[in-house]
Amino acid sequence: MKLFAALGATLVAAAVLGVLGWGLAHPPAAPVARIGSAAPSVTFELLDGGSVSLAAYRGRPVVVNFWATWCADCKKEAPALAAAAGTRPDVAFLGLLYQDSLSAARAYASVAGPYAYPIGYSEDAGTAFGVQSNPETYFLDARGVVRAIAIGPMTQGQLATDLGMVSA
């Protein structure tokens, strides 16, 4: 009986050490875009053709919303983002597809109607920003510094508060 207890304890200890060793060798990806840091420099393909760099928006506040056509929470927050984009011409709004494709976005637009602001795709943008899931929204000031990050669907109130942080 003591032999089985000792063997069991040894196996548990080995498993714990194995998990700890794996964790040290594979640390979690830390978000690159942090509040107070410069937003990553990314270039993306636009839904309607062409490409543009996030740096091209420098000089005015930018709201970068990572979303996907299959994401229910993204669809929930879309009306608030569209309304804000329509009433805030001083702020550039940009939708970047994450874990989705431009072809899916084009098909979605053909059913749901045109988008209220530019939609783009970059294979590297989600990684560069450190996006964990859809939707995630980054609020950049006119210098390209991240001033707020919203994870999950936003309400109009939260959107207004975060917009106030970049357009002051």
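Read on for an overview of the structure. (Residues numbered from 1 in each chain as written. Predicted model: local features only at pLDDT ≥ 70, side-chain atom pairs only at ≥ 80, totals over all residues. Heavy atoms only, no water.)

All right, on to the pattern of salt bridges then. Under the defined criterion, the tally for this structure stands at four salt bridges. Ionic pairing is found between Lys 76 and Asp 73, a salt bridge with its closest N-O pair at 3.4 Å. With Lys 76 and Asp 73 both in helix 2 (residues 72-87) and three residues apart, the pair spans about one turn of that helix. For Lys 76, a relative accessible area of 60% gives the class exposed. Between Asp 141 and Arg 143 there is a salt bridge, with the nearest N and O atoms lying 3.3 Å from each other. Taking the relative accessible area as the measure of exposure, Asp 141 reaches 9% and is therefore buried. Residue class for Arg 143 comes out exposed when judged on its relative accessible area of 56%. Each of Asp 141, Arg 143 and Arg 147 takes part in salt bridges that share partners, so that together they form one network. (Salt bridge = Lys/Arg side-chain N within 4 Å of Asp/Glu carboxyl O. Helix = DSSP H or I, 4+ residues; strand = E, 2+ residues; numbered from the N terminus. Buried < 20%, exposed > 50% of the residue type's maximum accessible area, 1.4 Å probe, protein only.)

What follows concerns the layout of surface pockets. The volume enclosed by the largest pocket comes to roughly 290 Å³. Trp 67, Ala 78, Tyr 108, Tyr 115 and Tyr 117 are the residues nearest the centre of the largest pocket, which is lined by 17 residues in total. In terms of residues, the lining of the largest pocket owes the most to one element, helix 2, which gives seven residues. Its residues assigned to classes, the lining of the largest pocket shows 13 nonpolar, two polar and two charged. (1 Å grid on protein atoms, 1.4 Å probe; cavity = no way out; pocket = protein on both sides within 12 Å on 5 of 7 lines; lining within 4 Å. Points joined across faces, edges and corners; volume = space filled by probe spheres on them. Nonpolar A, V, L, I, M, F, W, Y, C, P; charged D, E, K, R; others polar.)

Here we take up the state of the cysteines. Scanning all chains against the criterion turns up one disulfide. The disulfide bridge from Cys 71 ends at Cys 74, spanning 2.5 Å between sulfur atoms. Judged by the torsion about the S-S bond (80 degrees), the Cys 71/Cys 74 disulfide is right-handed. With respect to burial, Cys 71 and Cys 74 carry one shared label: buried. (Disulfide = S-S within 2.5 Å.)

This next bit is on the nonpolar core. Residues Val 63, Leu 81, Phe 93, Ile 119, Phe 139, Leu 159 and Leu 163 are the most contacted members of the largest nonpolar core, which totals 24 residues. No other element matches helix 2, which puts five residues into this core. Setting aside residues no more than four positions away along its own chain, Val 63 makes contact with Leu 81, Val 91, Ala 92, Phe 93, Leu 94, Thr 137, Tyr 138, Phe 139 and Leu 163. Within the second largest apolar cluster, 21 residues are counted, among which are Tyr 57, Leu 94, Val 131 and Tyr 138. (Core = buried A, V, L, I, M, F, W, Y, C linked by side-chain atoms within 4.5 Å. Contact = heavy atoms within 4.5 Å.)

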